[in-house]
Amino acid sequence: MAFHKRPAFGVLTYFLIAFGLGAYFTFAAVQGDYGVFRRAEIDAERRALQAQLDQLDAEIATMENLTKRLSDTYLDLDLLDQQARDVLGLLRADEIVIR
């Protein structure tokens, strides 16, 4: 009685499918839409946008300060004089312009 060993195609197929699925999910976890690389890109973009937001907040605070200093309730005469010189090009009577 001769015993013939058949190739184990079922086991080989099972391991190939398992390896393929493992490779797919590993690739998706690293480079997919929700992967590690995308997460790093989102974090870098968040830091850049936060820096831009901080800069804009500082500019807004400066503008609010200037607006308050030129309002009817609180008038800063030095700032008013500076704005008149810069925007309107006004001079005092005792000043000389040299170009």
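These figures come from a predicted structure and were not determined experimentally.

Definitions and cut-offs
Residue positions are given per chain, counting from 1 as you read along its sequence in written order. With pLDDT at 70 or above as the cut-off, local features in this predicted model cover only qualifying residues; side-chain atom pairs require 80 or more to be listed or tallied, and sums for whole chains, interfaces and linings still use all residues. As a rule here, side-chain values cover all heavy atoms of the structure and leave hydrogens and water aside. Just to be clear on terms, a salt bridge is a Lys or Arg side-chain nitrogen sitting within 4 Å of an Asp or Glu carboxyl oxygen. We count a stretch as a helix when DSSP gives it H or I for four or more residues in a row; a strand needs E for two or more, and each element gets its number in order from the N terminus. Throughout, exposure labels follow a simple rule: accessible area from a 1.4 Å probe, protein chains only, divided by the maximum for the residue type, with under 20% read as buried, over 50% as exposed, and the rest as partly exposed. Per-residue confidence from the predictor is given as pLDDT, running between 0 and 100. A helix is expected to span 1.5 Å multiplied by its residue count minus one. Between N or O atoms, a polar contact is any pair within 3.5 Å; within protein, one atom must be a potential hydrogen donor and the other a potential acceptor, and residues adjacent in sequence are included only when both atoms are from side chains. Between 30 and 60 degrees the pair is tilted, below 30 it is stacked and above 60 it is edge-to-face, where a pair is any two Phe, Tyr or Trp rings, Trp via its six-membered ring, whose centres lie within 6.5 Å. Only when the NZ of Lys or the CZ of Arg is both within 6 Å of the ring centre and within 35 degrees of the ring normal is a charge said to sit over the ring.

### Here's the deal with the pattern of salt bridges
Point 1. One pass over the structure, following the stated rule, counts 4 salt bridges.
Point 2. Taking the shortest distance from any N to any O, the salt bridge between Glu41 and Arg38 comes out at 3.2 Å. Of this pair, Glu41 and Arg38 both sit in helix 2 (residues 36–69), 3 residues apart, which is roughly one turn of the helix.
Point 3. Assessed through its relative accessible area of 35%, Arg38 is described here as partly exposed.
Point 4. In this structure, Arg69 and Asp76 form a salt bridge, with 2.7 Å as the shortest nitrogen-oxygen distance.
Point 5. For Arg69, a relative accessible area of 24% gives the class partly exposed.
Point 6. Among the residues examined, Asp76 registers a relative accessible area of 18% and is labelled buried.

### Considerations on the confidence of the model for the protein chain
Point 1. Considering every residue of the protein chain, the mean pLDDT works out to 87; 95% of them sit at 70 or more.
Point 2. The element-level mean pLDDT for the protein chain is lowest in helix 3 (residues 77–88), coming to 81, with helix 2 highest at 95.

### Focus on helix 3
Point 1. Taking 1.5 Å per residue as the helical rise, helix 3 with its 12 residues ought to reach 16 Å, and the 16 Å between its terminal C-alpha atoms agrees with that figure.
Point 2. Its side-chain oxygen placed 3.3 Å from the backbone nitrogen of Asp78, Asp76 serves as the N-cap of helix 3.
Point 3. Directly beyond the C-terminal end of helix 3, a positive phi value near 75° is found at Gly89.

### Side note on the packing of aromatic side chains
Here a ring pair, both rings aromatic, is described through the centre-centre distance and the interplanar angle of the planes.
Point 1. Here the structure, examined in full by the defined rule, presents 2 aromatic pairs.
Point 2. Seen in terms of ring centroids, Tyr14 and Phe15 are 5.5 Å apart; in terms of plane orientation they differ by 70°. Their pairing is edge-to-face. Across this residue pair, the class does not change: Tyr14 and Phe15 are exposed.
Point 3. Centroid distance Tyr24 to Phe25: 5.2 Å. Interplanar angle 65°. Geometry classified as edge-to-face.
Point 4. The ring centre of Tyr74 lies 4.7 Å from the NZ or CZ of Lys68, which sits over that ring.

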